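Examining the three-dimensional arrangement
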Amino acid sequence: MATRLVQINMKAQDDAALGRFWAEVLGWGIDSEGPGVTNLEPVGFTYPDPVAVCIDIIARPEPKTVKNRVPVDLATTSTAHQEELVARLKSLGATPVDVGQGDVPWTVMADPEGNEFCVLEPRPVYRDTGPIAAVVVDCTDPREMARFWGEAMDWTLHEVTDDSATMRSAKGVGPYLEFIRTPDPKSVWNRVHLDVRPYPGDDPAAEAARLRSLGASDPGIDQSAIHWTVLADPEGNEFCLLAPA
């Protein structure tokens, strides 16, 4: 058994407005499963497919209070493209932010609800990822996160150091998943988290048990009204185990 990363889940006070922003940024289409839920995926996309990690935006009344631990990095193809993208993002409502990055070649920004993301300088490694270069997870121990997620998913581990770890779909398409060492401890429920799915025919309960045996834990919430399983990775980052598909 194994899972694979299919989407990120993002909380928002206005899911529809934030969905329109990210759809414009990525050039993706918008759908909805009902009030308070906005789904984003590439136009013509057949879900799930590792060529893209989709975005589900869910309405929640709580405001954002701390820096997100799961931001995204946007890819660019040239310095001119990076400058053009930053300017377009500002026109859509994004703002530059200082998260202590110092003098770096990438630009840190926040979307209209304050969710941080980076517009990267052109890097050859991201030339074929699509608009999202990487989904990034802040952590204190990239090696342990690589160990857990490397066993939890069937993605390929590309690099592991004390400061970072990088994974990508075994098919060599779509964005990377990166774990970056940060000194800041997790302090609140993550407003952005990973959603993973088993493959068709897998037993969700058995998969949840397997993930727990690898180091996942239960976050201690009432899950009686949902048809998926909420777990937390070894550093306490919540993630959802969805139904096989």
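What you see is a predicted model; the values in this text were computed from it and never measured.

Quick word on the sheet that holds strand β3 (residues 37–41)
Across the sheet, seven strands lie side by side as β2-β3-β4-β1-β13-β15-β14; this open sheet has mixed pairing. Only two strands of the sheet have a single partner each, and these edge strands are β2 (29–34) and β14 (229–232). Each strand axis lies, on average, 30° off the axis of its neighbour in the sheet, ignoring direction. By the bridge criterion, four bridges tie β3 to strand β4 (residues 54–59) in an arrangement that is antiparallel. Counterpart to N39 in the pairing with β4 is D56.

Thoughts on the nonpolar core
Nonpolar side chains in soluble globular proteins tend to be buried together. With 53 residues, the main nonpolar core has W22, L74, L89, F117, W149, L177 and L194 as its most contacted residues. Ignoring sequence-local partners within four residues, the contact set of L74 consists of W22, V25, L26, L85, L89, F117, C118, V119, L120, P131, I132 and A133. Grouped together as the second largest cluster of nonpolar side chains are nine residues, L120, A133, V136 and Y176 included.

What to know about the packing of aromatic side chains
Counted by the stated rule, this structure contains six aromatic pairs. Seen from their ring centres, F21 and W22 are 5.3 Å apart, and the 90° between their planes marks the pair as edge-to-face. Given a relative accessible area of 2%, W22 falls into the buried group. Taking the centre distance of 5.1 Å and the plane angle of 85° together, the rings of F148 and W149 count as edge-to-face. Like W149, F148 is buried. Over the aromatic face of Y199 sits the side chain of R4, whose NZ or CZ is 4.1 Å from the ring centroid.

Thoughts on helix α2 (residues 79–92)
An α-helical turn contains 3.6 residues, so any two residues separated by three or four positions project in the same direction. Between its first and last C-alpha, α2 extends 20 Å over 14 residues, near the 20 Å set by a 1.5 Å rise per residue. Against α1 (15–26), β5 (72–74), β7 (107–110) and β8 (116–119) lie the buried residues of α2. With its phi angle positive at about 120°, G93 sits one or two positions after the end of α2.

Observations regarding the side chain of N68
With respect to the helices, strands and loops of the structure, N68 is situated in the loop between β4 and β5. Relative accessible area serves as the criterion here: at 5%, N68 is assigned to the buried category. Each residue touching N68, except ones within four places of it in the same chain, is listed here: N115, E116, D138, R191 and V192.

Section: the pattern of salt bridges
Per the counting criterion, the structure on display carries twelve salt bridges. K64 serves as the salt-bridge partner of E116, at 2.8 Å between the closest nitrogen and oxygen. A residue pair is termed long-range when its members are at least 10 positions apart, and E116 in strand β8 and K64 in the loop between β4 and β5 qualify at 52 residues. Given the relative accessible area of 23%, K64 is considered partly exposed. One salt bridge connects R143 with D162, and the closest N-O pair in it is separated by 2.6 Å. Placement of the pair is R143 in helix α3 (residues 142–152) and D162 in the loop between β10 (156–160) and β11 (164–168), with a sequence separation of 19 residues. Shared partners join several salt bridges into a network, and the residues in it are E144, R147 and E151.

Some thoughts on the packing of α3 against helix α4 (residues 204–214)
At a minimum axis separation of 10 Å, α3 and α4 run at an interaxial angle of 160°. Classed by the angle they form, the pair α3 and α4 counts as roughly antiparallel. Crossing hand, α3 versus α4: right-handed. Each of R147, F148, E151 and A152 in α3 lies in contact with α4, whose residues at this interface are E207, R210, L211 and L214. Class assignment for the residues of the contact of α3 with α4 results in four nonpolar, no polar and four charged.

Conventions adopted
- Residues numbered from 1 in each chain as written.
- Predicted model: local features only at pLDDT ≥ 70, side-chain atom pairs only at ≥ 80, totals over all residues.
- Heavy atoms only, no water.
- Pairing = 2+ DSSP bridges.
- Helix = DSSP H or I, 4+ residues; strand = E, 2+ residues; numbered from the N terminus.
- Axes fitted to C-alpha atoms, helices over the stretch in contact; angles between N-to-C directions.
- Core = buried A, V, L, I, M, F, W, Y, C linked by side-chain atoms within 4.5 Å.
- Buried < 20%, exposed > 50% of the residue type's maximum accessible area, 1.4 Å probe, protein only.
- Contact = heavy atoms within 4.5 Å.
- Phe/Tyr/Trp six-rings, centres within 6.5 Å; stacked < 30°, edge-to-face > 60°.
- Lys NZ or Arg CZ within 6 Å of the ring centre and 35° of its normal.
- Expected span 1.5 Å × (residues − 1).
- Salt bridge = Lys/Arg side-chain N within 4 Å of Asp/Glu carboxyl O.
- Parallel < 35°, antiparallel > 145°, perpendicular 65-115°, else oblique.
- Left-handed = near helix turned anticlockwise from the far one by under 90°.
- Nonpolar A, V, L, I, M, F, W, Y, C, P; charged D, E, K, R; others polar.

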